[in-house]
Amino acid sequence: MRGLTIAAAFALSPMAVHAAAPVADPTEAAIRSVMLESAQGWNGGDLDRFMAIYAPDAVFVGSKGLIQGKPAIADSYRKSFAGGGNSRGQLRFDFLHLKRIGDRRILFARWNLSGGAKAESGMTTLVFERRADGWKIVSDHSS
């Protein structure tokens with residue numbers, strides 16, 4: 001998430017996640033829930049909580065190229081989490097569209113950071129797969 005991934009709010013034509021109205025589709029509701037939990041981890045400076053949404057075999061593509069595996073993705077974020085809180089600021093997502101592709105879901109969103117050294121924003125495409133422990137990101141492309 002140098003192009004960031006997870007954020008505290010979504011908008012589905014636009015609707016903020018942290019204040020989201022109930023969602024009729026249980027899959028969408030579950031994905032919103034795990035996204036919100038992850039964003040709260042980011043905003044609270046808790047790297048493990050932020051990363052819980054990623055599958056062990058996830059891949060991440062950002063401005064620095066391809067990163068493979070949850071441990072390597074976590075390492076790429078670690079310096080932002082030093083010293084409590086997150087040095088890059090508070091994270092929020094604008095949830096743009098959730099598309100079903102077979103058993104997977106693709107989330108298109110805009111991530112936003114505020115309150116850090118500078119405001120940042122970018123786009124993210126997240127592929128979710130249902131695993132035994134819930135919906136997990138298996139692919140994250142953020143810019």
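Our structure's up above, just so we're on the same page.
The structure contained in this document is the topic of the report that follows. Keep in mind the model is a prediction, meaning the values are calculated, not measured. (Residues numbered from 1 in each chain as written. Predicted model: local features only at pLDDT ≥ 70, side-chain atom pairs only at ≥ 80, totals over all residues. Heavy atoms only, no water.)

A separate point is the side chain of K136. Take K136: it is sitting in strand β6 (residues 134–142). Beyond its immediate sequence surroundings of up to four residues, K136 is in contact with A52, I53, Y54, A55, V127, F128, E129 and R131. (Helix = DSSP H or I, 4+ residues; strand = E, 2+ residues; numbered from the N terminus. Contact = heavy atoms within 4.5 Å.)

Opposite charge on two side chains lets them pair, provided their charged atoms get close. Under the counting rule described, the total for this entry stands at nine salt bridges. For the salt bridge of R78 with D75, the shortest nitrogen-to-oxygen distance reads 2.8 Å. On the basis of relative accessibility, which here comes to 48%, the residue D75 falls in the partly exposed class. Note that R104 and E129 form a salt bridge whose closest N and O atoms lie 2.5 Å from each other. Remark: E129 occurs in strand β5 (residues 120–131) and R104 occurs in strand β4 (residues 104–114); sequence separation between them is 25 residues. Here R104 falls in the partly exposed class, since its relative accessible area comes to 37%. On the basis of relative accessibility, which here comes to 16%, the residue E129 falls in the buried class. Through salt bridges with shared partners, a single network forms among D57, R104, E129 and R131. (Salt bridge = Lys/Arg side-chain N within 4 Å of Asp/Glu carboxyl O. Buried < 20%, exposed > 50% of the residue type's maximum accessible area, 1.4 Å probe, protein only.)

We now examine the pairing of strand β2 (residues 65–68). Pairing analysis gives four bridges linking strand β1 (residues 54–62) to β2, with the strands arranged antiparallel. Across the sheet, the residue bridging to F60 is I67, located in β2. Between the antiparallel neighbours β1 and β2 lie two residues. (Pairing = 2+ DSSP bridges.)

Soluble globular proteins tend to bury their nonpolar side chains together. Ranked by internal contacts, the top residues of the largest apolar core, which has 27 residues, are Y77 and F128. Listed by contribution, the elements that provide at least two residues to this core are α1 (26–43), α2 (47–51), β1, α3 (70–77), β3 (90–101), β4, β5 and β6. (Core = buried A, V, L, I, M, F, W, Y, C linked by side-chain atoms within 4.5 Å.)

Time to look at the side chain of T27. Within the element layout of this structure, T27 appears in helix α1. Judged by its relative accessible area of 15%, T27 falls in the buried class.

All told, the structure shown has six aromatic pairs when counted by the stated rule. Pairing W42 with F81 gives two aromatic rings, centres 5.3 Å apart and planes at 85 degrees, and the pair type is edge-to-face. Taken together, the residues W42 in helix α1 and F81 in the loop between α3 and β3 connect sequence positions 39 residues apart. Take W42 and F81: they sit in the same class, and that class is buried. Between the aromatic rings of F60 and Y77, the centroid separation amounts to 6.2 Å while the plane-to-plane angle is 70 degrees, which identifies the pairing as edge-to-face. With F60 in strand β1 and Y77 in helix α3, this residue pair connects regions lying 17 residues apart in the sequence. Under the relative-accessibility criterion, Y77 is labelled buried at 2%. (Phe/Tyr/Trp six-rings, centres within 6.5 Å; stacked < 30°, edge-to-face > 60°.)

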